[in-house]
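Chain by chain, the residues:
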Amino acid sequence: MRVVHHPDQASHDPEEVFRTGKFIEQPDRAERYRIFLDIVRQERHEIIEAPLDRPDAIAAIHDPGYVAFLETVHARWAANPDYGPVVIPNVHPTHRMHRKPTELLGELGWYSNSTSCPITEGTWKAVFASAQVAVHGAALLAADPSERIYAMCRPPGHHAYPDLMTGVCYLNNAAIAAHELTRRYGKVAIIDTDVHHCNGTQFIFWERKDVLVASIHVDPRLSAPYYAGHADEIGEGEGKGLNFNQPLPWATRDLAWIAAIEAAIGRIRDFAPGALVVSLGFDAGEHDPVATFKVTESGFGEAGGRLAALGLPTLLVQEGGYLSPSLGHYLRAFLRAFEGKQA
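What you see is a predicted model, and the numbers here were worked out from it, not measured in a lab.

Attention now goes to the packing of helix α8 (residues 254–271) against helix α9 (residues 297–308). For the pair α8 and α9, interaxial distance at closest approach is 10 Å and the crossing angle is 15 degrees. When the interaxial angle is binned, α8 and α9 end up roughly parallel. The chirality of how α8 crosses α9 is right-handed. Contacts from D254, W257, I258, I261, E262 and I265 of α8 reach α9 at S298, G299, F300, E302, A303, R306 and L307. Classifying every residue of the contact of α8 with α9 gives 7 nonpolar, 2 polar and 4 charged.

Here's what the structure looks like:
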């Protein structure tokens, strides 16, 4: 397997995030990138550094004003001596408010919906690199359908909307890659195994007929992202029937989780795509600090084997999965099974 990464992905590393009325340890630390990289080196995969030369691929999915904001917001923030060291919003529009302000704090709230996306000096550098990792992975797969590519994206992206950062996601890496792949393969399927619903990805492809989105996640009545991910959300217009959500209960274990993946695989077969994007999350793991599902290392291996059996040109795009002693083991189990190796 060829693994794509870029060292700039580690430049975003805020220590804390504001949730539940207090500052808590930020789940998406740069150490995740180093753990993933260490595993793929141990497994002797071919490791490729992505070129940082395709901003146009980001612009195909994301609003240009939003992208320009992400690129410049830290410098604008730092110009205010009374502001803290990390960019965090404190005001947001509701569905009753429809005009974007130009003042920094108002614009920051417009482009975010929570305090879960802190921005530091290195954030834009990291999120741009993460998106370029996905773009280069898609390019490699477009050039050779026999390839199976792991885009080792971090920060993750599946919660990000065209003009909204949320859930530690800034640019939607999987959506950017899937759109690129439609140019080569026509129809593309996305299966998202992260424990949280891919609300940004769902929104982006909601009315498109060329991309199927299938997500297996915790019931949004119980956990973030809360406001999307229900089973009756099936797409609209030309995309009607091409959004397949499977919300599962708290503490879901291997058997039910794998059954949901198999149901998504059935939808993928019916859709008959030319390529597959796997939004690969490990936060469903039993030892993940998110503590939502109880999927085991062997469960992730089973998922890897079943997705590989589809026989499609496949791009793996890293999403969640946070710091625990098991994180690297989850990745190793998935990749080994995906390649047909014994655990």
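The next subject is the packing of helix α1 (residues 31–42) against helix α10 (residues 327–338). Packing of α1 against α10 brings their axes to within 9 Å, and their N-to-C directions diverge by 45 degrees. As far as their axial angle goes, α10 and α1 are oblique. Classified by chirality, the crossing of α10 by α1 is right-handed. Along the contact surface, α1 presents R32, I35, F36, I39, V40 and Q42, while α10 presents L327, G328, L331, R332 and L335. Its residues placed into classes, the contact of α1 with α10 shows 7 nonpolar, 2 polar and 2 charged.

Quick look at the packing of aromatic side chains now. Per the stated rule, a full pass over the model turns up 12 aromatic pairs. With centroids separated by 4.7 Å and ring planes inclined at 55 degrees, the aromatic side chains of W77 and Y83 adopt a geometry described as tilted. Its relative accessible area of 29% is what places Y83 among the partly exposed residues. Centre to centre, the rings of Y161 and F203 are 5.2 Å apart; their planes meet at 55 degrees, and the pair counts as tilted.

Moving on to the side chain of T166. Tracing the chain through its elements places T166 in the loop between β5 (148–151) and α6 (173–185). You can call T166 buried: its relative accessible area is 8%. A polar contact of 2.7 Å, which involves the side chain of T166, links it to the side chain of N113. When neighbours within four sequence positions are excluded, T166 is seen to be in contact with N113, S114, S116, C117, H159, Y161 and N199.

Another point: the state of the cysteines. The tally for this structure, following the rule as stated, stands at 0 disulfides. C117 forms no disulfide, and the closest cysteine sulfur to it belongs to C169, at a distance of 6.8 Å. C117 gets classed as buried once you look at its relative accessible area, which sits at 4%. Here C153 stays unpaired: no disulfide links it, and the sulfur of C169, its closest cysteine neighbor, is 11 Å away.

Here G157 lies in the loop between β5 and α6. According to the relative accessible area criterion, G157 is buried, its value standing at 0%. With 161 residues separating them along the chain, G157 and Q318 place their C-alpha atoms 8.6 Å apart. Setting aside chain neighbours within four positions, we find G157 in contact with C169, L171, N172, N173 and E319.

Rules behind the numbers
- Along each chain, numbering runs from 1 in the same order as the chain's sequence is written.
- Given that this is a predicted model, residues contribute local features only at a pLDDT of at least 70 and side-chain atom pairs are listed and counted only at 80 or more, while totals for whole chains, interfaces and linings are drawn from all residues.
- Side-chain numbers here rest on the full set of heavy atoms in the structure, without hydrogens or water.
- Only the stretch in contact is used when a helix axis is fitted, and all axes are lines through C-alpha atoms; the angle between N-to-C directions ranges over 0 to 180 degrees.
- Note on conventions: DSSP H or I runs of at least 4 residues are helices, E runs of at least 2 residues are strands, and numbering of each starts at the N terminus.
- If an angle is under 35 degrees, it is roughly parallel; if it is over 145, roughly antiparallel; if it lies from 65 to 115, roughly perpendicular; otherwise it is oblique.
- We call a crossing left-handed when the near helix sits turned anticlockwise from the far one by less than a right angle, and right-handed when that turn is clockwise.
- Any two residues whose heavy atoms approach within 4.5 Å at even a single point are treated as in contact.
- Asp, Glu, Lys and Arg are counted as charged, while Ala, Val, Leu, Ile, Met, Phe, Trp, Tyr, Cys and Pro are counted as nonpolar; the rest, among them Gly, fall into the polar class.
- Pairing of aromatic rings covers Phe, Tyr and Trp, the last counted by its six-membered ring, and requires centre-to-centre distances within 6.5 Å; plane angles under 30 degrees mean stacked, over 60 mean edge-to-face, and any other angle means tilted.
- Using a 1.4 Å probe on the protein chains alone, a residue whose accessible area is under 20% of its type maximum counts as buried, one over 50% counts as exposed, and one in between counts as partly exposed.
- Nitrogen and oxygen atoms within 3.5 Å of one another constitute a polar contact, given that in protein one can donate a hydrogen and the other can accept it, and given that sequence-neighbouring residues count only through two side-chain atoms.
- In what follows, a disulfide is any cysteine sulfur pair within 2.5 Å.

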